[in-house]
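Fold and geometry: a report
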Amino acid sequence: MAPLRIALYQGPGGVPGNTGESLASLDSAARRAADAGARALLTSELFLTGYAVGDALPELAEPATGPASESVAKIAAEHGLAIGYGYPERDGDKIYNAVQLIGPDGSRLANYRKTHLFGEFENAWFTPGDDPVVQADLDGTRIGLLICYDVEFPENVRAHALAGTELLLVPTALMRPYEIVTQTILPARAWENQLHIAYANRCGPEGDFDFAGLSCLVAPDGTARARAGLAEDLIVADADPDLLRTARAENTYLGDRRPGLYGRLTERIR
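Residues numbered from 1 in each chain as written. Predicted model: local features only at pLDDT ≥ 70, side-chain atom pairs only at ≥ 80, totals over all residues. Heavy atoms only, no water.

Re the overall build of the protein chain
The test is simple: In DSSP terms, a helix is any run of H or I states spanning at least four residues, a strand is any run of E spanning at least two, and both are numbered starting from the N terminus. Put simply, the radius of gyration uses C-alpha atoms, and a globule should come to 2.2 Å times the residue count raised to 0.38. Using a 1.4 Å probe on the protein chains alone, a residue whose accessible area is under 20% of its type maximum counts as buried, one over 50% counts as exposed, and one in between counts as partly exposed. For this analysis, residues touch if any pair of their heavy atoms sits within 4.5 Å. Surface accessibility follows the Shrake-Rupley procedure with a 1.4 Å probe radius. Residue values consider only the protein chains on display as shielding. Charged-residue counts in this description rest on Lys and Arg as positive and Asp and Glu as negative, His and the chain ends being excluded. Charge placement uses NZ in Lys and CZ in Arg. For Asp and Glu, CG and CD serve respectively.
Assigned secondary structure in the protein chain consists of eight helices and 14 strands. Here the C-alpha atoms of the protein chain give a radius of gyration of 17 Å, agreeing with the 18 Å that 2.2 N^0.38 yields for 270 residues. Considered along the principal axes of its C-alpha atoms, the protein chain spans approximately 50 × 50 × 35 Å. For the protein chain, the residues scored as buried account for 51% of the 270 residues in total. The contacts in the protein chain between residues at least 6 apart in sequence include a share of 68% that link residues at least 24 apart. For the protein chain, the exposed surface amounts to about 11600 Å²; the carbon and sulfur share of it is 50%. When the 24 positive and 37 negative side-chain charges of the protein chain are each reduced to one mean point, those points stand 6 Å apart.

Encoded structure:
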């Protein structure tokens, strides 16, 4: 099976609250990604609306099948690549911090709601999701979805590894001074769980936030196959199934587990 080439768009995505500008940025990024031979494009957390939207969030939130998703589907189909994008999802009276994966033909492949909310802003506005493992298949690759803070919990990534995820897509809004997440934690997660991790961050100041950039694709051997700097960027790299098979043969963490010893991990710390 051929490697799956993925592009990661690191950028603010336009003016916070202006979905139209974000969609224009997405169309431009999709065009560049397709020209580079990418089969998939991943954007940042809450890409469509911006992160620092505050009290405007309820007005910006849309259903998973809303007008914005239709616009993303048209962009995906026009450029012939899958698109994973972050957005605020409205479902009745609840709002979720979500990522949706649209296929190269414009079809909806998967939708994931962030399970671990971070900070005052997210806990004030969002309802946490309840499904820890959401997956889809693209060109023979099993893709999983998490969002930002989720990947910092080892249980989340291990659940994906045990469910067969080969490429984990993680739109994020990592802020300074937490660069340790992308520089140290992500390589460790990829290594200990034997999968590829695509981590697409926001960059620069936005409202009261300062985003760290440093988006990356990390391989199962713990190496970053591509990494952005601090400014807006589009990086492209391959999730290689041959590398995945070799790494899993050489690193036997998953096979050497002793699940019977781990029951206390679900107990609350006192």
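Now that the structure has been shown, the text picks up again.
Comments concerning the state of the cysteines
This is how it is decided: To count as a disulfide, a pair of cysteine sulfur atoms needs to be within 2.5 Å.
Per the stated rule, a full pass over the model turns up zero disulfides. Distance from the sulfur of C148, which forms no disulfide, to the nearest cysteine sulfur (C216) is 12 Å. Owing to a relative accessible area of 7%, C148 belongs among the buried residues under this scheme. By relative accessible area, which is 0% here, C216 ends up buried.

A closer look at the pairing of strand β10 (residues 203-206)
The cut-off we apply is this: In short, DSSP must find at least two bridges between two strands for them to pair.
Where β10 and strand β11 (residues 209-212) come together, four bridges link them in antiparallel fashion. Bridge pairing in β11 places P205 opposite D210. Connecting β10 to the antiparallel partner β11 that follows it, the hairpin turn spans two residues, and G207 within it adopts a positive phi of roughly 60°.

Remarks on the pattern of salt bridges
To keep it simple, the criterion reads: One speaks of a salt bridge when a side-chain nitrogen belonging to Lys or Arg is within 4 Å of a carboxyl oxygen belonging to Asp or Glu.
Scanning the model with the defined rule gives 14 salt bridges in all. For K114, the salt bridge goes to E122, with nearest N and O atoms at 2.9 Å. Of the two residues, K114 and E122, both sit in the buried class. Through salt bridges that share partners, E45, K114 and E122 make up one connected network.

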